[in-house]
Amino acid sequence: MTVVDDARGSVRRTVAFAVATTVLLGSARAGASEVTVWVVFGVFISVSTIWIRGQYVDSMDGRQWVMPWRVGASLAVLAAVLFAVPGAVWFGAGFCSVGALVLLYLLAGSLLTHLRQSPSVAVGRRRVTTGRFGVWLTGGGVLTVLAGALLLGSGLPIMVGAAVLGLGALLLLPAGLALTAEGALRRLCRRDRATWLLWGLGAGGVAVFAGAARLAVVVSGSRWLTVVLVVLGLLVIVLVSTTQADVVAALALVALMGVTPSQEPARETKDPAGHRKVLVALGDSYMSGEGARVYYHGTDNGGVNECRRAPTAWAAMAAQAHFNGIEFLACSGARTRHILTVTPPDTDSPDSEASEEKVRVGMKPGPEPQYPSERYTQLDAYLAAKADPAASFQPSMVVLSIGGNDAGFSSIGEMCVAPGDCTDRRELWERTVPQLRAQLRVAYYEVDRIFRDIPVVVVPYPDPIAVRGDECTDVALSAREQVFIHEYVTQTLNPAIRATAREYGFYYLQEMEDALAVANLRLCDLHNDNRPGINFIGLRSVDGFAQHRFNPAKWMHGSLHPNERGHAAMLRAFERWQGRQNLYIAARERINFAVSVRSRSELHKLDLASPSEVERTAEAGRPPCDLLAATEDGCRRQAQTWAYRKIGQRLTEDGLCLWITAAVGGAWCVGVAFFGHRRRVWARRRR
């Protein structure tokens, strides 16, 4: 290891970068103004540019500063301590873990720089040149990635294939490409006439990258892969540069994704206290306003409360325009069990509690609050508010949107975004409609009894996508998958909700099905001006502790949800429906008497049946996979397994992995040609 004369300058630049990184990650939280975040980000970019520029200049002489081993060992110990000691008391949960990961990332980059500067590397009892060792690592990385893809597509546990794939793609390949590039740069710089060779290497690399990327896109059938390959190519060039620009890029991305917008105070909603015309909003994310840019304070807190109630939700806007207040209880991710009361309601009926307990058979786990900060289920929260003498409000209407999460709609989205054709498993969801309707009956049963004299309006899900018969740039879905999602929402999910709602005489907001279509705001609509009213991919982090804000798993919650434009269209749909109603709306709509009698007689039979008979009836009505189970037999787990299997199979089928490897190789050639040329120019200037 060699230390340059300006080692102190390198240390100062590194310390400045560490400080700028800490400030940036610390500012990436809710409450920090947009101006503050962008000013801090600008400072971070400036400091990072100076840091990378210093590394680049030092690398031209092959004398780049790296951390002394004592400093590196001390930082490694510090990282281990940060991982082991919870930092919630001083910094908030997860902050220390994020700091430890940043330290380890920097240490890994310094170690790689040290290896690049070494003429040879000890492998066992022999020493090999740095370039040859890099070739071995690269070859091992390619084979490991291929093995991981094969394991991922096999019948072995998903974690085995994912771990092997990650080892090859995130560790062996980056290190191998960097060391191989160093060996190639040294060879090229020793040649007297390497200019034409460098030009040829660069032109050939561009041609190989373009051709391989094109073939990869054709084989995969996804034009979105082009973006992935371009980003991957840039990262490969960064690896060749002998700098830690990849560290800067990764930290900048994580920090920006960790930024959450300022939240609106909850008092902005109309307080229902003392009013007689109050709207009660129950349900899931399509009611709460998920997909918006701003949420009410405390409802976008990772791991604590992720209900994401938005002031731009159509129900909140309807309350502002047409009601005197709102009891806003809808919560993103809610299922029927999050609406039910923990204890069946007392409706002065001697057999209601027995019937209620028995229709809950098969609901495991049972009713419970959705998040730690939500003390009650949605109906329990309503009953608690009504029991408060200070509230004294009277609801005039209930709007209810539930069923999408019970039906596993998010899992359908995951399957269709993954490689492969998700229509191959459409029966997984279409054959579970009886179980979905059973869950809806349980929720409607309680809503019917608690709001017996109040109009209840069941809200379906708007059709999200316009079927065009071809691919569109709004979504990463094939034409068949577009048709499947459209048909599932309009011909499976909504009809099940409508039929069950009519059993209880609830109003059905038919206009909501076409809310986005009427406004030309569906995905793939030719007239949406590339501004659809629903997010296909909605990137937004959450507020709260660092372990949630900087967790990529928390960044996609706004996907496949209406945005502000969509909720404005949904409000207009509600207003069209409301305009067709009489001034006085009856508590219940006229319904098919036979259907109502049959539904209620089934509940009466349950009341008379023994527990064992109820269990047998529930078992006989269960579909092939359980919509609610989190086990391997559950529909959601089967959908996730199918998606991962398809990723592994797609990488190994039709040579996709080969074409991606070729694209990486082309980018590597471009990087070697460019930085080889720069080193030769630098060397001539120093003579």
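All residue numbers refer to position in the chain's written sequence, counted from 1. Only residues with pLDDT of 70 or above have their local features reported here, since the model is predicted, and side-chain atom pairs are shown and tallied only from 80 upward, although totals for entire chains, interfaces and linings are computed over all residues. Heavy atoms throughout the structure, all of them, feed into the side-chain values; hydrogens and water do not.

Participant: Looking at this structure, I do not really get the overall build of the protein. What am I missing?
Facilitator: When its secondary structure is counted, the protein shows 24 helices and nine strands. Each residue gets one of three labels from its accessible area relative to the maximum for its type: buried under 20%, exposed over 50%, partly exposed in between, using a 1.4 Å probe on protein chains only. A buried classification covers 51% of the 687 residues belonging to the protein. Across the protein, the fraction of contacts at a sequence separation of at least 24, relative to all contacts at a separation of at least 6, is 78%. Each accessible area value is a Shrake-Rupley result obtained with a 1.4 Å probe; residue values ignore everything except the protein chains displayed when judging cover. As presented, the protein carries roughly 32100 Å² of accessible surface, and 60% of it is formed by carbon and sulfur atoms. Comment: elements are numbered from the N terminus, with helices defined as DSSP H or I runs of at least four residues and strands as E runs of at least two. We call two residues in contact whenever any of their non-hydrogen atoms come within 4.5 Å of each other.

Participant: How should I be thinking about the nonpolar core in this particular structure?
Facilitator: Across soluble globular proteins, nonpolar side chains have a tendency to be buried as a group. Counting residues in each nonpolar core, the largest one holds 94 residues, and the members touching the most others are Trp-314, Met-397, Val-399, Trp-429, Tyr-444, Phe-451 and Phe-574. Looking at which element gives the most residues to this core, the answer is helix H17 (residues 479-503), with eight residues. With residues up to four places along the chain from it excluded, the contact list for Trp-429 reads Ala-407, Gly-408, Ser-411, Ile-412, Met-415, Phe-484, Tyr-488, Leu-627, Cys-635, Arg-636 and Ala-639. Only buried residues count toward a nonpolar core, which is a set of Ala, Val, Leu, Ile, Met, Phe, Trp, Tyr and Cys residues joined through side-chain atoms within 4.5 Å.

Participant: I keep staring at the packing of helix H11 (residues 314-322) against helix H20 (residues 564-579) and nothing clicks. Help me out?
Facilitator: Packed helix pairs are characterised by how far apart their axes lie and by the angle those axes make with each other. At their nearest, the axes of H11 and H20 sit 9 Å apart, and the two run at 50° to each other. The angle between the axes of H11 and H20 places the two elements in the oblique class. The two elements H11 and H20 meet at a crossing, and its hand is right-handed. Between H11 and H20, the contacting residues are Trp-314, Met-317, Ala-318 and His-322 on the first element and His-567, Ala-568, Met-570, Leu-571, Phe-574, Glu-575 and Gln-578 on the second. In this count, Pro and Cys sit with the nonpolar residues alongside Ala, Val, Leu, Ile, Met, Phe, Trp and Tyr, while Asp, Glu, Lys and Arg are called charged and the others, Gly among them, polar. When its residues are assigned to classes, the contact of H11 with H20 shows seven nonpolar, three polar and one charged. Only the stretch in contact is used when a helix axis is fitted, and all axes are lines through C-alpha atoms; the angle between N-to-C directions ranges over 0 to 180 degrees. Convention used here: angles under 35 degrees read as roughly parallel, angles over 145 as roughly antiparallel, angles from 65 to 115 as roughly perpendicular, and any remaining angle as oblique. For any pair of crossing helices, the crossing counts as left-handed if the nearer helix is rotated counterclockwise from the farther one by less than a right angle, and right-handed if it is rotated clockwise.

Participant: What am I meant to see in a positive patch on the surface here?
Facilitator: Patch membership requires more than 30% relative accessible area and the absence of a salt bridge. Residues of like charge join within 9 Å; the nonpolar side chains Val, Leu, Ile, Met, Phe, Trp and Tyr join within 5 Å. The salt bridge criterion pairs a side-chain nitrogen of Lys or Arg with a carboxyl oxygen of Asp or Glu, the two atoms within 4 Å. Neither His nor the chain ends contribute to the count of charged residues, in which Lys and Arg are positive and Asp and Glu negative. By convention, the charge on Lys lies at NZ, on Arg at CZ, on Asp at CG and on Glu at CD. On the surface, a cluster of positive charge is made up of Arg-126, Arg-132, Arg-187 and Arg-190. Looking at Arg-187, the relative accessible area reads 60%, which means it is exposed.

Participant: Would you mind showing me how to read the environment of Ile-647 here?
Facilitator: By the element assignment, Ile-647 lies in helix H23 (residues 635-652). For Ile-647, a relative accessible area of 31% gives the class partly exposed. For Ile-647 and Ala-418, which are 229 residues apart along the polypeptide, the C-alpha to C-alpha distance reads 6.8 Å. Ignoring sequence-local partners within four residues, the contact set of Ile-647 consists of Leu-152 and Pro-419.

Participant: Is there a simple way to think about the state of the cysteines in this case?
Facilitator: Formally, a disulfide is one covalent bond, and it connects the sulfur atom of one cysteine to the sulfur atom of another. Any pair of cysteine sulfurs within 2.5 Å is marked as a disulfide. This structure, assessed with the given rule, holds three disulfides. Between the sulfur atoms of Cys-307 and its disulfide mate Cys-331 the distance is 2.0 Å. Here the disulfide of Cys-307 and Cys-331 is left-handed, its torsion about the S-S bond being about -85°. Of this pair, Cys-307 sits in the loop between helix H10 (285-288) and H11 while Cys-331 is found in the loop between strand E4 (325-328) and helix H12 (352-359), placing the two residues 24 residues apart along the sequence. Assigned by exposure class, Cys-307 and Cys-331 land together as buried. Across the disulfide from Cys-472 sits Cys-524; the S-S distance is 1.9 Å. A residue pair is termed long-range when its members are at least 10 positions apart, and Cys-472 in the loop between strand E6 (456-458) and H17 and Cys-524 in the loop between helix H18 (515-518) and strand E8 (534-535) qualify at 52 residues. There is no split in this pair, since Cys-472 and Cys-524 are both buried.

Participant: I tried to follow a nonpolar patch on the surface on my own but got confused; where do I start?
Facilitator: There is a patch of nonpolar side chains on the surface, built from Val-11, Val-15, Val-19 and Val-23 and spanning about 300 Å² of accessible area. If you trace the backbone, Val-15 turns up in helix H1 (residues 7-27). Judged by its relative accessible area of 48%, Val-15 is partly exposed.

Participant: Explanation requested: the sheet that holds E6 in the structure shown.
Facilitator: Hydrogen bonds between backbone atoms are what pair the strands of a sheet, whose relative direction is either parallel or antiparallel. At least two DSSP bridges between two strands are required for those strands to pair. Strand order in the open sheet made by the five strands is E4-E3-E5-E6-E7, with parallel pairing throughout. Edge positions in the open sheet fall to E4 and strand E7 (507-508), since each of these has one partner strand only. Two elements, strand E5 (residues 395-401) and E6, share three bridges in a ladder whose sense is parallel. Its bridge partner being in E6, Val-399 is matched across the sheet by Val-457.

Participant: I'm lost on the packing of aromatic side chains in this one. Help?
Facilitator: Centre-to-centre distance and the angle between the planes together describe a pair of aromatic rings. Between the rings of Phe, Tyr and Trp (Trp by its six-membered ring), a pair exists once the centres lie within 6.5 Å; its type follows the angle of the planes, with under 30 degrees stacked, over 60 edge-to-face, and the other angles tilted. Enumeration over the complete set of coordinates arrives at 16 aromatic pairs. When the ring of Phe-484 is compared with that of Tyr-488, the centres are 6.3 Å apart and the planes differ by 50°; the resulting orientation is tilted. In this pair, Phe-484 and Tyr-488 both sit in helix H17, four residues apart, roughly one turn of the helix. In terms of burial, Phe-484 and Tyr-488 fall into one category: buried. Among the aromatic residues, those joined into a ring-pair cluster are Phe-17, Phe-41, Phe-44 and Trp-51. Cation placement over rings: the criterion is NZ of Lys or CZ of Arg within 6 Å of the ring centroid and within 35° of the ring normal. Its end group placed over the ring of Tyr-445, Arg-449 keeps NZ or CZ at 3.7 Å from the ring centre.

Participant: Explain helix H14 (residues 409-417) here, please?
Facilitator: Three or four residues apart is the spacing at which side chains of an α-helix point the same way, because the helix has 3.6 residues per turn. The set of residues buried in H14 consists of Phe-409, Ser-411, Ile-412, Gly-413, Met-415 and Cys-416. Close packing links the buried residues of H14 with helix H15 (427-430), H17 and H23.

Participant: How should I be thinking about H17 in this particular structure?
Facilitator: By this rule the span expected of a helix is its residue count minus one, scaled by 1.5 Å. Across its 25 residues, H17 extends 36 Å between first and last C-alpha, which sits within 8% of the 36 Å expected from 1.5 Å per residue. Note on bend: at a given residue it equals the angle between the axes fitted to the 7 residues ending there and to the 7 starting there. Where H17 bends most, the angle comes to about 35°, and this point is Tyr-488.

Participant: Looking at this structure, I do not really get the packing of H14 against H17. What am I missing?
Facilitator: The geometry of H14 relative to H17 is characterised by a closest axis approach of 11 Å and an angle of 170° between their N-to-C directions. Our classification of the angle between H14 and H17 gives roughly antiparallel. Taking contact as the criterion, the partners of Phe-409, Ile-412 and Cys-416 in H14 are, on H17, Glu-481, Phe-484, Ile-485, Tyr-488 and Val-489. Residues belonging to the contact of H14 with H17 are distributed by class as follows: seven nonpolar, no polar and one charged.

Participant: Would you take a moment to explain unusual backbone geometry for this structure?
Facilitator: Among all residues save glycine, negative phi is the norm, and among peptide bonds the norm is trans. Phi at Cys-524 is positive, roughly 70°, even though this residue is not glycine. Notably, Asn-530 is not glycine yet its phi reads approximately 60°, a positive angle. Within the element layout of this structure, Asn-530 appears in the loop between H18 and E8. By relative accessible area, Asn-530 is classed as exposed at 63%.

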